[in-house]
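# A structural walkthrough
Residue strings, one per chain:
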Amino acid sequence: MNENVIKFRKPQPPKQPRPHLRKLAIILAVIAFFVAAWAYFQFVG
């Protein structure tokens, strides 16, 4: 009703980073690198 009232709220806790997603991304990048290297030597070299 009254917009001049200050509403005190608990601050939202910061979201924790997800280490599993980072580890998964690194593993997928390494696998993709080896697949790309294999494909390069298979078809070009």
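Residues numbered from 1 in each chain as written. Predicted model: local features only at pLDDT ≥ 70, side-chain atom pairs only at ≥ 80, totals over all residues. Heavy atoms only, no water.

### Observations regarding the overall build of the protein chain
Formally: Strands here mean DSSP runs of E at least two residues long; helices mean DSSP runs of H or I at least four residues long; both are numbered from the N terminus. What sets the accessible areas is the Shrake-Rupley method with a 1.4 Å probe; for residues, cover comes only from the shown protein chains.
Secondary structure summary: the protein chain contains one helix and zero strands in total. By its C-alpha atoms, the protein chain is 75 × 20 × 10 Å across when sized along the principal axes. Counting only carbon and sulfur atoms, one obtains 67% of the accessible surface of the protein chain, whose full area is about 5300 Å².

### Notes on the packing of aromatic side chains
Rules: Note on aromatic contacts: the rings of Phe and Tyr and the six-membered ring of Trp form a pair at centre separations within 6.5 Å, being stacked when their planes are under 30 degrees apart, edge-to-face when over 60 apart, and tilted otherwise. For the exposure calls, accessible area comes from a 1.4 Å probe over protein chains only, and a residue counts as buried if that area is under 20% of its type's maximum, exposed if over 50%, partly exposed in between.
Using the criterion set out here, one finds two aromatic pairs in the structure. An angle of 70° between the planes, with centres 5.6 Å apart, marks the rings of Phe 33 and Phe 34 as edge-to-face. On the basis of relative accessibility, which here comes to 53%, the residue Phe 34 falls in the exposed class.

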